[in-house]
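Residues per chain are reported as follows:
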Amino acid sequence: DATLTVTGSASVTLTADYVRVSVGVSTTAATVEEASTLNNTSIHAVIAALKEAGVAEEDIATSNYSVHAEYDYASGSQQLAGYNVTNQLSVIIRDMEHIGATLDKATAAGANNIYNIEFLSTQADAAQDEAIGYAVQDAMRRARLLADAAGLSLGGVKSISDSTASYGIVTRTYASKLDAAVGNSILP
């Protein structure tokens, strides 16, 4: 039996309906206690500003908290200059019309670290499933075209492998590539 191997691919495009962003406060002071106190005050102000902007409490979570020593090397030797405390939040913003305004409020309240803005969709899993279905259809269509061109008759599917990828920024594309080995009977 001859084997025909084809690759099918498909993508489904979604508009983002929420954003996940890292928002944080970094403070430096002479002692750990002072840096922690400053940071605690600032991060609570940032959380209050986010809530005031409409971010739900369950959409705000601490993602990183770190304390480290700061050193000054200006004198030619290592001198302790103070301590840095960083508190980073993972924030979900569901109001897509006011992302900038929400982040502006967080910055005005003391946030000095904002990064990793991800535009996401609550429909991602359904879109991924849809793309996989379309990829299978595409692979089967390609197998039929190749078999017809070669004068072969298609048999059953012998194997399927799935490699899935997601791409995009504002609009997220969920794509699936499907490799299918289709068994064929060669007809004289």
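Reading the values: rules and limits
Residues numbered from 1 in each chain as written. Predicted model: local features only at pLDDT ≥ 70, side-chain atom pairs only at ≥ 80, totals over all residues. Heavy atoms only, no water. Helix = DSSP H or I, 4+ residues; strand = E, 2+ residues; numbered from the N terminus. Buried < 20%, exposed > 50% of the residue type's maximum accessible area, 1.4 Å probe, protein only. Pairing = 2+ DSSP bridges. Salt bridge = Lys/Arg side-chain N within 4 Å of Asp/Glu carboxyl O. Expected span 1.5 Å × (residues − 1). Arc of directions from axis to C-beta. Contact = heavy atoms within 4.5 Å. pLDDT = per-residue confidence, 0-100. Axes fitted to C-alpha atoms, helices over the stretch in contact; angles between N-to-C directions.

Caption draft 1: Layout of unusual backbone geometry. Positive phi, close to 55 degrees, is recorded for N116, a residue that is not glycine. Structurally, N116 is set in strand β5 (residues 113-120).

Caption draft 2: Highlighting the pairing of strand β2 (residues 18-29). The element β2 is largely enclosed, with a buried count of nine among its 12 residues. Bridging between β2 and β5 involves six bridges; their strand directions are antiparallel. Looking across to β5, one finds that R20 is bridged to E118. Direction of pairing for β2 relative to strand β4 (residues 79-93): antiparallel, over a ladder of 11 bridges. When the sheet's bridge partners are listed, A29 is paired in β4 with Y83.

Caption draft 3: Fine view of the pattern of salt bridges. One pass over the structure, following the stated rule, counts five salt bridges. The partner of R142 in a salt bridge is D138, and the shortest N-O contact between them spans 2.9 Å. Separated by four residues within a single helix, R142 and D138 lie in helix α3 (residues 124-150), roughly one turn from each other. We classify R142 as partly exposed; its relative accessible area is 35%.

Caption draft 4: Here's a closer look at helix α1 (residues 32-52). The terminal C-alpha atoms of α1, which comprises 21 residues, lie 30 Å apart, in line with the 30 Å expected from a rise of 1.5 Å per residue. Among the residues of α1, those classed as buried are A35, N39, I43, V46, A49 and L50. Along the axis of α1, the buried positions cluster into a sector of 115 degrees, meaning they face one direction only. Within α1, the exposed residues directed more than 90 degrees away from the buried face are E33, T41 and E52. In this structure, the buried residues of α1 make contact with β2, β3 (60-72), β4 and α2 (99-108).

Caption draft 5: Expanded view of the confidence of the model for the protein chain. Scored by pLDDT, the protein chain has a mean of 86; 87% of the residues are at 70 or more. Here strand β7 (residues 171-186) stands out as the element of the protein chain with the lowest mean pLDDT, 42, in contrast to α1, whose mean of 98 is the highest. Under a pLDDT of 50 for its full length, residues 168-188 has, in the predicted model, 108 contacts with residues more than four places off or in other chains.

Caption draft 6: A look at the sheet that holds β3. The strand order across the open sheet formed by four strands is β3-β4-β2-β5, and the pairing between neighbours is antiparallel. Among the strands making up the open sheet, the edge pair consists of β3 and β5. Strand-to-strand twist of the sheet, defined as the mean angle between neighbouring strand axes without regard to direction, takes the value 15 degrees. Looking at chain direction, β3 and β4 are connected through 12 bridges and run antiparallel.

Caption draft 7: Geometry of the environment of N87. Mapped onto the secondary structure, N87 falls in strand β4. Other than its neighbours up to four places away in sequence, N87 contacts V23, G24, V25, N39, I43, T62, N64 and Y65.

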